[in-house]
Amino acid sequence: MMQNVHLAPETDEDDLYSGYNDYNPTYDTEELENDTAFQQAVRTSHGRRPPITAKIPSTAVTRPVATGYGSKTSLASSMGGRPVTGVIQDGVTRPMTAVRAAGFTKAALRGSAFDPLGQSRGPAPPLEAKNEDSPEEKIRQLEKKVNELVEESCIANSCGDLKLALEKAKDAGRKERVLVRQREQVTSPENINLDLTYSVLFNLASQYSANEMYAEALNTYQVIVKNKMFTNAGRLKVNMGNIYLKQRNYSKAIKFYRMALDQIPSVHKEMRIKIMQNIGVTFIKTGQYSDAINSFEHIMSTAPNLKAGFNLILSYFAVGDREKMKKAFQKLIAVPLEIDEDDKYISPSDDPHTNLVIEAIKNDHLRQMERERKAMAEKYIMTAAKLIAPVIETSFAVGYDWCVEVVKASQYIELANDLEINKAITYLRQKDFNQAVETLKMFEKKDSRVKSAAATNLSFLYYLENEFAQASSYADLAVSSDRYNPSALTNKGNTVFANGDYEKAAEFYKEALRNDSSCTEALYNIGLTYKKLNRLDEALDCFLKLHAILRNSAQVLYQIANVYLM
């Protein structure tokens, strides 16, 4: 209850300001803190202003209040005798109900420290120790061990250690069976971890297959396939079909491929295409070309790809259908590569950031995959063209011309020149040197890569005809067009060798070997050069290296024997 406070009567503002100059106060502001009546008035005035919401220690020093007389005081009041908001009485504050729901509580004692995390209560009690002897804990630890063994088996397989991978897979299988028995004793059969059982059996079958233990692999796959509790296990019949294909049991391979195809829904289009491709390849191996054609035709009409297109050409070649070979070749050419153009990796500006990004991606893993895909496509197209060119028209030259025109109208324009060079090489195989020379001379004004290949072959032809001047001229053209062409350097060395300059010839052969260490022609020729220079130890070393590469070459064996004789 508020007490009555006796204060001096208030003065009107007009009177206060008008008598300011003559008014001399008699209050002693220095002793207000010791004035009992004044302090009582301050304490009993609590509640006349909005209540505070936080407790401040009563010993806190408030901001000094400036008086009208130039002095300062720590008085917690203002003119008129009203208290400053925030003054605390002896531990009595308004309860902090606004934050009670968050878990905060009012401090029990006056001036207690702020501790929202409850650190003053000391550390939490220690966790209850696990009972490692309980059946549930034993099952949990055994399940963890089985998972670790499966992972170790997969890692060993990826590292090429197939025997260790199989041992780990067997160990996982043994421990998984113990785990199942323990679960059956503790819980109901419905709580058995089927995913773990499936992964253990599947890994075991895969490791058997990798180690060429096909009978064991088939038995393990059968255990999975026959268990109706494993959903989608029927798809593993693809793996069984692959094993039968390796065993050359083609009828069973086709049977299991078709059974797997029936298990896979139509929404999984890519998987169905791959299985149909396996079926088509198996038909080719059995000589059932018409069935293979049906499979590959369906693939090329649904989701065309390079392998299916090439196999379709092989099937039509086997049955001798010229027109279908042409159509299949056009379908193969039209298969989209789905790779970026080379222009993407050329910087369009001098921006250093852009150049840095292009430099980073121009040879990354994705770019390497694109190169491999393009190289594979070019290999399929070149092989198919060389296969069908001699049979689709009245002569191989006309057939090559047709293939070249088709390629020129496609995304593989640069392959047209390679096909022309192959046409010239076919003339060489048929001993038609004049036609070969005419074909190769067409490339003298082409780009450097094609020009180098054509000039190399022309140098080779003129060298065989003992026209060393022409051979040297075309060898120079080939080397100038592509300094890193080992065949061009070898031919240049041959022309120098024919003129008796053995030291210079050896330099060209060495440069060819530096560009391509597998160039056996350069290695053989440098051995002959060392013989001419009477450097027999170096000659023998060259021929022995060549013998390690060409084990059954009569020429190499003769040269080794001849050097020993010398």
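Treat the numbers as computed from the prediction; the structure is a model and nothing was measured.

Trainee: Would you take a moment to explain the overall build of the protein for this structure?
Mentor: A count of helices and strands for the protein gives 24 helices and two strands. Residues counted as buried form 35% of the 566 residues belonging to the protein. Total accessible area computed for the protein in this model is approximately 35800 Å², and 52% of it derives from carbon and sulfur atoms.

Trainee: What exactly am I supposed to notice about the UniProt feature "repeat: TPR" (unreviewed entry) in the protein here?
Mentor: The feature "repeat: TPR" (unreviewed entry), as annotated in UniProt, sits at residues 234–267, 273–306, 486–519 and 520–553 in this numbering. Secondary structure within residues 273–306 divides into 85% helix and 0% strand; the distance between the first and last C-alpha atoms comes to 13 Å. What you have in residues 486–519 is 79% helix and 0% strand, and the ends, taken at the C-alpha atoms, are 7 Å apart.

Trainee: I'm lost on the packing of aromatic side chains in this one. Help?
Mentor: Two numbers describe a pair of aromatic rings. These are the distance of the centres and the angle of the planes. On inspection of all chains with the given rule, the structure shows 11 aromatic pairs. For the pair Tyr198 and Phe202, a centre-to-centre distance of 6.3 Å together with 10 degrees between the ring planes defines the contact as stacked. One end of the pair, Tyr198, and the other, Phe202, are both in helix α5 (residues 194–210), four residues apart, so they sit about a helical turn from each other. You can call Tyr198 partly exposed: its relative accessible area is 25%. Ring centres of Phe329 and Trp402 lie 6.0 Å apart, and the angle between their planes is 50 degrees; this geometry places the pair in the tilted category. Separated by 73 residues along the polypeptide, Phe329 in helix α12 (residues 322–334) and Trp402 in helix α15 (residues 396–408) bring together distant segments of the chain. Of the aromatic side chains, those joined through ring pairs into one cluster are Tyr198, Phe202 and Phe230.

Trainee: Please clarify how the packing of helix α3 (residues 135–158) against helix α4 (residues 162–186) should be interpreted in this entry.
Mentor: How two helices sit against one another is set out by the angle between their axes and by the gap between those axes. At a closest axis distance of 8 Å, the pairing of α3 and α4 adopts a crossing angle of 160 degrees. Between α3 and α4, the crossing angle belongs to the class labelled roughly antiparallel. Handedness of the crossing formed by α3 with α4: left-handed. A breakdown of the residues in the contact of α3 with α4 according to their chemical character gives 15 nonpolar, three polar and nine charged.

Trainee: Sorry, what's going on with the confidence of the model for the protein here?
Mentor: Close inspection of predicted coordinates is inappropriate in any region flagged by low pLDDT. With 78% of its residues at a pLDDT of 70 or more, the protein shows a mean pLDDT of 81. Below pLDDT 50 for its whole length, residues 1–26 participates in 12 contacts with residues either more than four positions away or in separate chains.

Trainee: Just to check I follow, could you spell out the pattern of salt bridges for this structure?
Mentor: A side chain of one charge can pair with a side chain of the opposite charge if their charged atoms are brought near each other. Per the counting criterion, the structure on display carries 16 salt bridges. Ionic pairing is found between Lys331 and Glu297, a salt bridge with its closest N-O pair at 3.0 Å. Here Lys331 is found in helix α12, whereas its partner Glu297 is found in helix α10 (residues 289–302), with 34 residues between them in sequence. A residue is classified by how much of its surface remains accessible, and Lys331, at 36% relative accessible area, is partly exposed. Owing to a relative accessible area of 23%, Glu297 belongs among the partly exposed residues under this scheme. Salt-bridge contacts for Glu538 lead to Arg535; the nearest nitrogen and oxygen are separated by 2.9 Å. Here the salt bridges do not stand alone but share partners, grouping Asp171, Arg174 and Lys175 into one network.

Trainee: When you look at unusual backbone geometry in this model, what are you seeing that I'm missing?
Mentor: The phi torsion of most residues other than glycine is negative, and most of the peptide bonds are trans. A positive phi angle is found at Arg248, which is not glycine, with a value near 60 degrees. Relative to the elements of secondary structure, Arg248 occurs in the loop between α7 (237–246) and α8 (250–263). With a relative accessible area of 67%, Arg248 lands in the exposed category. Of note, the phi angle at Asn466 is positive, near 60 degrees, even though the residue is not glycine. As for its position among the elements, Asn466 is in the loop between α18 (448–464) and α19 (468–481).

About the criteria used
- Residues numbered from 1 in each chain as written.
- Predicted model: local features only at pLDDT ≥ 70, side-chain atom pairs only at ≥ 80, totals over all residues.
- Heavy atoms only, no water.
- Helix = DSSP H or I, 4+ residues; strand = E, 2+ residues; numbered from the N terminus.
- Buried < 20%, exposed > 50% of the residue type's maximum accessible area, 1.4 Å probe, protein only.
- Areas by Shrake-Rupley, 256 points an atom, 1.4 Å probe, with all protein chains shown as cover.
- UniProt positions renumbered as here; feature names shortened; annotations may be inferred.
- Phe/Tyr/Trp six-rings, centres within 6.5 Å; stacked < 30°, edge-to-face > 60°.
- Axes fitted to C-alpha atoms, helices over the stretch in contact; angles between N-to-C directions.
- Parallel < 35°, antiparallel > 145°, perpendicular 65-115°, else oblique.
- Left-handed = near helix turned anticlockwise from the far one by under 90°.
- Nonpolar A, V, L, I, M, F, W, Y, C, P; charged D, E, K, R; others polar.
- pLDDT = per-residue confidence, 0-100.
- Contact = heavy atoms within 4.5 Å.
- Salt bridge = Lys/Arg side-chain N within 4 Å of Asp/Glu carboxyl O.

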